[in-house]
Amino acid sequence: MTIECTRYHPVHKGSLLGYADLFSPKMGLEITGCSLHSKDGKKWINLPQKEFKDKDGATKYAAVIKFRNADHGKAFAKLALDAVEKKAAEGSPPPMQQGEDEGFLPF
């Protein structure tokens with residue numbers, strides 16, 4: 001399987017390094033709004049999540065896309081991370097500054 005990063009937009013806010021859109025040519029699947037994170041020397045990709053408030057008013061996040069098989073999820077995550085890092089290395093728009101809209105739209 002191949003995963004392509006079709007868009008990467010750096011942010012640099014806490015552990016968040018940026019947002020990415022991913023594409024799987026074999027499945028014809030595009031996943032928009034993934035996030036790239038880094039902490040304690042580790043990097044990972046989060047698939048899109050839905051923000052909500054719990055009963056105490058705390059902000060929480062729920063998965064929008066999940067893998068039923070953990071091994072499939074790990075394999076996808078590795079390919080996605082490689083694709084995003086490759087796209088980021090090609091150069092992208094400058095990072096957003098604090099207070100700018102994080103809902104980046106390419107149009």
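Residues numbered from 1 in each chain as written. Predicted model: local features only at pLDDT ≥ 70, side-chain atom pairs only at ≥ 80, totals over all residues. Heavy atoms only, no water.

Q: Help me get a handle on the environment of Gly 14, residues and values and all.
A: Along the polypeptide, Gly 14 turns up in the loop between strand S1 (4-13) and strand S2 (16-24). On the basis of relative accessible area, Gly 14 is assigned to the exposed category, the value being 76%. In the structure, Gly 14 is positioned 25 residues away from Lys 39 in sequence and 8.7 Å away in space, judged by C-alpha atoms. (Helix = DSSP H or I, 4+ residues; strand = E, 2+ residues; numbered from the N terminus. Buried < 20%, exposed > 50% of the residue type's maximum accessible area, 1.4 Å probe, protein only.)

Q: Describe helix H1 (residues 70-90), naming the residues involved and giving the relevant values.
A: Taking 1.5 Å of rise per residue, 21 residues should cover 30 Å, and H1 covers 30 Å from first to last C-alpha, within 8% of that figure. Those residues of H1 not exposed but buried are Gly 73, Phe 76, Ala 80, Leu 81, Ala 83 and Val 84. On the buried face of H1, the contacting elements are S1, S2, strand S3 (29-39) and strand S4 (42-46). At the N-terminal end of H1, a side-chain oxygen is found 2.8 Å from the backbone nitrogen of Asp 71, two or three residues along, and the residue is Asn 69. Positioned one or two residues after H1, Gly 91 has a phi angle of 105°, which is positive. (Expected span 1.5 Å × (residues − 1). Contact = heavy atoms within 4.5 Å. Polar contact = N/O pair within 3.5 Å; in protein donor to acceptor, adjacent residues only side chain to side chain.)

Q: I'd like to hear about the pairing of S3, residue by residue, with values.
A: Here S2 runs beside S3; their pairing, made up of seven bridges, is antiparallel. Residue Ala 20 lies in a different strand from S3, and its bridge partner there is Cys 34. Hairpin connection of S2 to S3: four residues between the antiparallel strands, including Gly 28 at a positive phi of 70°. For S3 and S4, the ladder comprises five bridges, and the chain directions are antiparallel. When the bridges of S4 are listed, Ser 35 appears paired with Asn 46. (Pairing = 2+ DSSP bridges.)

Q: I'd love a proper account of the side chain of His 37, names of residues and values included.
A: Positionally, His 37 belongs in strand S3. The exposure class assigned to His 37 is buried, which follows from its relative accessible area of 12%. At 3.0 Å, the side chain of His 37 forms a polar contact with the side chain of Ser 15. Sequence-distant contacts of His 37, that is, excluding residues within four places in its chain, are made with Ser 15, Leu 16, Leu 17, Lys 42, Lys 43, Trp 44 and Asn 46.

Q: Outline the sheet that holds S1, listing residues and values.
A: If you walk across this open sheet you meet the four strands as S1-S2-S3-S4, and the pairing is antiparallel. The strands lining the two open edges of the sheet, one partner per strand, are S1 and S4. Adjacent strand axes in the sheet meet at a mean angle of 25° when their direction is disregarded. Packing against the sheet, H1 makes contact with S1, S2, S3 and S4, and its axis sits at approximately 75° to S1. (Axes fitted to C-alpha atoms, helices over the stretch in contact; angles between N-to-C directions.)

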